[in-house]
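Observations on the three-dimensional arrangement
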Amino acid sequence: MQSGPQAEIARGIAEGNELLRQHRPADAVALGQQLAGRHPDVAAIHAFLAEASRLASDLPAAIGHIDRAIALSDDPQHRIKKGWLLSRAYRRDEAIALAGELSAQAGGNALLLWQLGKLYYHHNQLLQAISHYERALALEERTPWRYDLAVARFYAAQTEAAEQDIGKLLAAAPQSGSVLYLRSTLRKQTPADNHVEDLRARLAQGFARTEDEACALYALAKELEDLGEHAESFAKLMAGARKRRSTLSYDPSGFYATLDEIKRLATPEAMAAPVEGWEEEGAIFVLGLPRTGTTLAERMLLQSGKVANAGELTDFGYLLGNGVARVMASNPGLSVAEASLQLDFATLGREYMRGARQLAGGSPLFIDKLPANFMYCGVISKALPRARIIHLVRDPLDSCYAILKTLFFGAYEFSYDLEELADYYIAYRRLMDHWHQVLPGQILDVRYEDLVTDPEGQSRRIYEWCGLEWTPEAVEVPDAGKVFATASAAQVRQPVHSRSVRSSRRHLEGLAPLVARLKAAGLYED
């Protein structure tokens, strides 16, 4: 049993962690500072203070404390922690450099190798991530590590290796719904090679967790659709969606109220008012909703050889939120939408470009393909006046159906109920219509249907919008080395096709609540 100073330190850190669990980071920081005052040379106290400071949104202090912990202890966990803090501070180049140093020193430390794989994966360095996952698993087999490797291989188009990983995962965790879904999405299933009967058998046996059953239903729906069994596929899809929705707590009322206020305040006059933005060129925002052709548009741009993929960055929204919080702290009476019009736009643009460029590999042009950036078009236009915005538009019912039949993890909670899906789609279209009204000529709309039926013509439009010289490679299938970290990763490596156009019309009866809402909003296209 510990006694004396060690016991005091252990009790203090335990009390601090309890404060963090209670979402009281400021109190945890104060407690940690008291401990550090009495015991200034204890690495564990500074490591705790680093986490508390991070949760208190004070990244400089967090990095300072973790540096102190590193100076006091050679525990590699402190340096891994610093890597993540540097990443969150948009010092990604430093985070990757630190990962390289740790990799050279990792030796037989399986946990550290896996953690490095996670860090590389987070920075879109899939091959490095895969290498470190493989090294970790060669030393110690753990199911979560094997799953991480399978996902990384999926995005890196290492399909056969990913299937082998999935076989090992299902042997160890036969009820893992996420693994079953990943297996089904690796490739298009065929009559000679599919998992339909296996999935039916697993569902008949039952699942202990609703989340896993929902995943299995989505997997079966996907494979049945691949085989042309559309009616049964849709029935399984809706059963999976109901199961998935039952696990979620979703209330979008505050979100919709904020969108309405943005439209009220972002008038043509407000958008045209001169502000000092960040004039740097290079950012291309490809946005809209998921499964509307954003990845195909990205692929066409990457084929130029002059554009880099920065990924689906959450940076702009995060930095915008921080800026809004600072404005509201000085002006407590302002709403979020009001505060967003009083930002330091130049600082926002500069910080975004600094962080994004570190993922662009030195390319003058890069793509940020986060679909949800559609919410920020007005702020993007002010913070980054020389950015290019490309908006992918798809037939409303096809768009909603494509979202419905995709199982998203940790995102798009509106997508599992037909009426909630319709409401989100309507809100999105209303906002995009508003952006076009107040930002005339600043957003290029590209229709999915045109993109897949006239890929050369539409790729020429996209290239011209981005100031690029068109190349025939724009419409070619990318080589296997290209990385697409998106739900469409498997489909985007296929030749351009129009098979999905109007595919939703097979299910008009089952989609009736969605159709009714779209019709009432004037958005249904016969």
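Refer to the structure printed above.
Heads up: these notes are all about the structure in this document. (Residues numbered from 1 in each chain as written. Predicted model: local features only at pLDDT ≥ 70, side-chain atom pairs only at ≥ 80, totals over all residues. Heavy atoms only, no water.)

What to know about the overall build of the protein
Threshold: By the criteria applied, helices consist of DSSP H or I runs no shorter than four residues and strands consist of E runs no shorter than two, each listed in order from the N terminus. This radius of gyration counts C-alpha atoms alone. The globule rule is 2.2 Å times how many residues there are, raised to the power 0.38. When a residue's accessible area, from a 1.4 Å probe over protein chains only, is under 20% of the maximum for its type it is buried; when over 50% it is exposed; and in between it is partly exposed. Contacts are assigned to residue pairs with any non-hydrogen atoms lying within 4.5 Å of each other. The method behind every accessible area is Shrake-Rupley, applied with a 1.4 Å probe, and residues are considered shielded solely by the protein chains displayed. Here Asp and Glu are counted as negative and Lys and Arg as positive; His is not counted, and neither are the chain ends. By convention, the point assigned to a charge is CZ for Arg, NZ for Lys, CD for Glu and CG for Asp.
A tally of regular secondary structure across the protein gives 26 helices and five strands. Rg of the C-alpha trace for the protein: 25 Å, near the compact-globule value of 24 Å for 526 residues, within the 12% margin. Oriented by its inertia axes, the alpha-carbon framework of the protein measures out at about 75 × 60 × 45 Å. Counting the 526 residues in the protein, one finds 54% classified as buried. Partitioning the contacts of the protein with sequence separation of at least 6, the portion at a separation of at least 24 is 70%. For the protein, the accessible surface area stands at approximately 22,800 Å², while carbon and sulfur atoms represent 51% of it. Of the charged side chains in the protein, 58 are positive and 67 negative, and the gap between their average positions amounts to 1 Å.

Quick notes on unusual backbone geometry
Of note, Asn124 is a non-glycine position whose phi angle comes to about 65 degrees, a positive value. Within the secondary structure layout, Asn124 lies in the loop between helix H7 (110-122) and helix H8 (126-139). Judged by relative accessible area, Asn124 falls into the partly exposed class, the value being 28%. In the Ramachandran plot, Tyr412 falls in the positive-phi region, its phi being about 55 degrees despite a non-glycine side chain. Position of Tyr412 among the secondary structure elements: in the loop between helix H22 (396-404) and helix H23 (418-438).

So, the packing of aromatic side chains
Note the cut-off: Think of it this way: a Phe, Tyr or Trp ring, Trp meaning its six-membered ring, pairs with another when their centres are within 6.5 Å, and the plane angle makes it stacked under 30 degrees, edge-to-face over 60, tilted otherwise. Note on geometry: a ring has a charge over it if NZ (lysine) or CZ (arginine) is within 6 Å of the ring centre and within 35 degrees of the ring normal.
Taken as a whole and assessed by the stated rule, the structure comprises 19 aromatic pairs. Ring geometry for Phe255 against Tyr256: centres 5.6 Å apart, planes inclined by 55 degrees, an arrangement best described as tilted. An aromatic cluster is defined as three or more aromatic residues linked by ring pairs; in this entry it consists of Phe255, Tyr256, Phe374, Phe408, Tyr412, Phe414, Tyr424, Tyr425 and Tyr428. Note that Arg460 overlies the ring of Trp470, its terminal NZ or CZ placed 3.8 Å from the centroid.

Thoughts on helix H4 (residues 59-72)
Formally: Given a helix with a known number of residues, its expected span is that number minus one, times 1.5 Å. What the arc covers is the set of directions going from the helix axis to the C-beta atoms. Nitrogen and oxygen atoms within 3.5 Å of one another constitute a polar contact, given that in protein one can donate a hydrogen and the other can accept it, and given that sequence-neighbouring residues count only through two side-chain atoms.
Over its 14 residues, H4 runs 20 Å from end to end, which matches the ideal 20 Å to within 8%, given 1.5 Å per residue. Within H4 the residues assigned to the buried category are Leu59, Ala62, Ile63, His65, Ile66 and Ala69. Angular distribution of buried residues about the axis of H4 spans 165 degrees; they occupy a single face of the element. Seen from the buried face of H4, the exposed residues on the opposite side, beyond 90 degrees, are Pro60 and Ala71. The secondary structure elements touched by the buried residues of H4 are helix H3 (43-55) and helix H5 (76-88). Two or three places before Ala61, at the start of H4, stands the capping residue Asp58, its side-chain oxygen 3.2 Å from that residue's backbone nitrogen.

A few points about the side chain of Arg79
Locating Arg79 in the fold gives a position in helix H5. The buried category is assigned to Arg79, whose relative accessible area is 19%. Among the polar contacts made by the side chain of Arg79, one reaches the side chain of Gln105 at a distance of 3.0 Å.

Regarding the packing of helix H10 (residues 159-172) against helix H11 (residues 177-185)
As a reminder of what qualifies: Every angle, taken between N-to-C directions, lies between 0 and 180 degrees, and every axis is a line fitted to C-alpha atoms, over only the stretch in contact when it is a helix. In this scheme, roughly parallel covers angles under 35 degrees and roughly antiparallel covers those over 145, while 65 to 115 is roughly perpendicular and the rest are oblique. Should the near helix be turned counterclockwise from the far one by less than a right angle, the crossing is left-handed, whereas a clockwise turn marks it as right-handed. Polarity classes work like this: nonpolar for Ala, Val, Leu, Ile, Met, Phe, Trp, Tyr, Cys and Pro, charged for Asp, Glu, Lys and Arg, and polar for all others, with Gly in that last group.
One way to put it is that H10 packs onto H11 with a least axis distance of 10 Å and a crossing angle of 155 degrees. The pairing of H10 with H11 is recorded here as roughly antiparallel in orientation. Taken as a pair, H10 and H11 cross one another with a handedness that is left-handed. Along the contact surface, H10 presents Ile166, Leu169 and Leu170, while H11 presents Val179, Leu180, Leu182 and Arg183. A class-by-class count of the residues in the contact of H10 with H11 yields six nonpolar, no polar and one charged.

A few points about the environment of Lys236
For Lys236, the location among the structural elements is in helix H14 (residues 230-246). Judged by its relative accessible area of 27%, Lys236 falls in the partly exposed class. A sequence separation of 12 residues divides Lys236 from Leu224, and the C-alpha atoms of the two residues are 9.0 Å apart. Residues within four places of Lys236 in sequence aside, it is in contact with Leu217, Leu220, Ala221 and Leu224.

Description of the sheet that holds strand E4 (residues 388-393)
This is how the line gets drawn: Two strands make a pair as long as DSSP finds a minimum of two bridges between them.
Pairing within the open sheet is parallel, and its five strands lie in the order E2-E3-E1-E4-E5. Each having just a single partner strand, strand E2 (307-309) and strand E5 (443-447) make up the two edges of the open sheet. For this sheet, the mean inter-axis angle between neighbouring strands, taken without regard to orientation, is 25 degrees. Packed on one face of the sheet, helix H20 (residues 345-357) meets strand E1 (283-287) and strand E3 (365-368) and runs near 100 degrees to E3.

Observations concerning the pattern of salt bridges
For the record, the criterion: Only one rule defines a salt bridge in this text: a Lys or Arg side-chain nitrogen within 4 Å of an Asp or Glu carboxyl oxygen.
Under the definition given, this model contains 39 salt bridges. A salt bridge links Lys81 to Glu51; its shortest N-O distance comes to 2.1 Å. Of this pair, Lys81 sits in helix H5 while Glu51 is found in helix H3, placing the two residues 30 residues apart along the sequence. Given the relative accessible area of 22%, Glu51 is considered partly exposed. Connected through shared salt-bridge partners, Glu134, Glu141, Arg146, Arg153 and Asp165 make up one network.

Structural notes on the pairing of E1
Buried residues dominate E1, accounting for five of its five residues. A two-sided burial pattern is seen for E1, the buried positions comprising Ala283, Phe285 and Leu287 on one face and Ile284 and Val286 on the other. Note that E1 and E3 share three bridges and pair parallel. Among the inter-strand pairings, Ala283 is bridged to a residue of E3, identified as Phe366. Sheet topology note: the E1/E4 ladder contains four bridges and is parallel. Bridge pairing in E4 places Leu287 opposite His391.

Quick look at the side chain of Arg187
Tracing the sequence through the fold places Arg187 in the loop between H11 and helix H12 (196-205). At 3.0 Å, the side chain of Arg187 and the side chain of Glu163 are in polar contact.

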